[in-house]
Amino acid sequence: MAKVSSLRSYSQGAAALVTGAGSGIGRSFACELARRGSSVICVDLHADRAEQTAALVEQLGGHGIPYTCDVGDQVQFTQLAEQADSLLGRPTTLVVNNAGVGVGGRIGDVSLEDWHWCLNVNLWGVIHGCHFFAPRFRDAGHGAIINTASAAGFAAAPEMTTYNVTKSAVLSLSETLSAELTGSGVHVSALCPTIVPTNIINESRFPAERKSFAARAMEKWAFTDSGAVARITLDACDRNQLYVLPQWDGRLMWRFKRSAPMAYARVLGLGYRLAAG
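Criteria and cut-off values
- Residues numbered from 1 in each chain as written.
- Predicted model: local features only at pLDDT ≥ 70, side-chain atom pairs only at ≥ 80, totals over all residues.
- Heavy atoms only, no water.
- Axes fitted to C-alpha atoms, helices over the stretch in contact; angles between N-to-C directions.
- Helix = DSSP H or I, 4+ residues; strand = E, 2+ residues; numbered from the N terminus.
- Parallel < 35°, antiparallel > 145°, perpendicular 65-115°, else oblique.
- Left-handed = near helix turned anticlockwise from the far one by under 90°.
- Contact = heavy atoms within 4.5 Å.
- Nonpolar A, V, L, I, M, F, W, Y, C, P; charged D, E, K, R; others polar.
- Expected span 1.5 Å × (residues − 1).
- Phe/Tyr/Trp six-rings, centres within 6.5 Å; stacked < 30°, edge-to-face > 60°.
- Buried < 20%, exposed > 50% of the residue type's maximum accessible area, 1.4 Å probe, protein only.
- Salt bridge = Lys/Arg side-chain N within 4 Å of Asp/Glu carboxyl O.
- Polar contact = N/O pair within 3.5 Å; in protein donor to acceptor, adjacent residues only side chain to side chain.

### Considering the packing of helix 1 (residues 24–35) against helix 8 (residues 226–238)
Put simply, helix 1 and helix 8 touch, their axes get as near as 8 Å, and they point 55 degrees apart. Looking at the two axes, helix 1 sits oblique to helix 8. Relative to helix 8, helix 1 is oriented so that their crossing is right-handed. Here helix 1 contributes Gly-24, Ile-25, Ser-28, Phe-29, Glu-32 and Leu-33 to the contact with helix 8, which in turn contributes Ser-226, Gly-227, Val-229, Ala-230, Arg-231, Thr-233 and Leu-234. Across the contact of helix 1 with helix 8, the residue classes tally to six nonpolar, five polar and two charged.

Here it is in structure tokens:
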């Protein structure tokens, strides 16, 4: 007799909202959800990008709804949350808090303006998504939230303080929310990728020489594309997996730091000093 799976899918036929859907991992999430028969609100700061992604969702057999929003703006996100169910034609069941920006530089060199910009998108955007939708899902007894953190949230690479802080906070938020929602029928996944080819470097606020280095690193050291990351993450969410580390290098850093945190810190510092000359 065939074994009947007890897996409760969050990604098949979902009523989904994806932020940062205009490119990169966000667009890949929207497209993969379309392949799984979902309706997707494609949220992006740029209207043309949101519309392009929504058109791709339609071509792939899903239902795409473009929506322009600054996810770090409380008023705009409140309006999005209030309209989501009517736009989808049914209650929202999956939220992917993916929108993100990059900021690099040494502590003290990064302007406070750039700190606020990065915190606003990378952290407040995720806070807003969790704040508005987690209570709805809990009351309904079903739903899922995927928060795009980063391996930067635990790897602590030098001269990435601003970005690292935001992603570490997203990881902590995801862990806390997961514990709060245990037994409610609502699942939380924290995505922690390493290098993935996206537009984040082109639109980041890095010192010129660091931006060039980061662009070269993305070309040489990206072991997984955004489509694979989206697919792996949605499958992991369906398995009720909290931590999603889709690449081997991220898993290696994760295990090293958890098993030998002091050694990890020493190796990281030594490597930075040698690289700096």
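### Here's the deal with helix 6 (residues 161–180)
The end-to-end C-alpha distance of helix 6 is 28 Å, a good match for the 28 Å that 20 residues give at a rise of 1.5 Å each. Looking at the buried residues of helix 6, the elements they touch are helix 4 (112–140), strand 5 (143–148), helix 5 (152–155), strand 6 (186–191), strand 7 (243–244) and helix 9 (248–259).

### Things to note about the packing of aromatic side chains
Applying the stated criterion to the full structure yields five aromatic pairs. Measuring from ring centre to ring centre gives 6.0 Å for Phe-77 and Phe-132, while their planes differ by 5 degrees; the resulting arrangement is stacked. Here Phe-132 lies in helix 4 and Phe-77 lies in helix 3 (residues 74–88), a separation of 55 residues in the sequence. Given the relative accessible area of 0%, Phe-77 is considered buried. Residues Phe-133 and Phe-137 carry aromatic rings whose centres are separated by 6.1 Å and whose planes lie at 45 degrees to one another, so their mutual orientation is tilted. Pair noted here: Phe-133 and Phe-137 are both in helix 4, with a separation of four residues, about one helical turn.

### A few points about the pattern of salt bridges
Opposite charge on two side chains permits them to pair, given that their charged atoms come into close proximity. Applying the stated criterion across every chain, the model contains six salt bridges. For Asp-85, the salt bridge is made with Arg-136, and the minimal N-O distance between the two is 3.6 Å. Highlighted residues: Asp-85 in helix 3 and Arg-136 in helix 4, separated in sequence by 51 residues. Counted as one network, the salt bridges with shared partners bring together Glu-32, Arg-35, Arg-36, Asp-235 and Asp-238.

### Topic: the side chain of Ser-174
For Ser-174, the location among the structural elements is in helix 6. For Ser-174, a relative accessible area of 0% puts it in the buried group. Here Val-170 takes part through its backbone oxygen, which lies 2.8 Å from a polar atom of the side chain of Ser-174. Excluding its chain neighbours within four sequence positions, the residues that come into contact with Ser-174 are Asn-147, Val-188, Ala-190 and Leu-242.

Any functional reading would require information that these geometric values do not contain.
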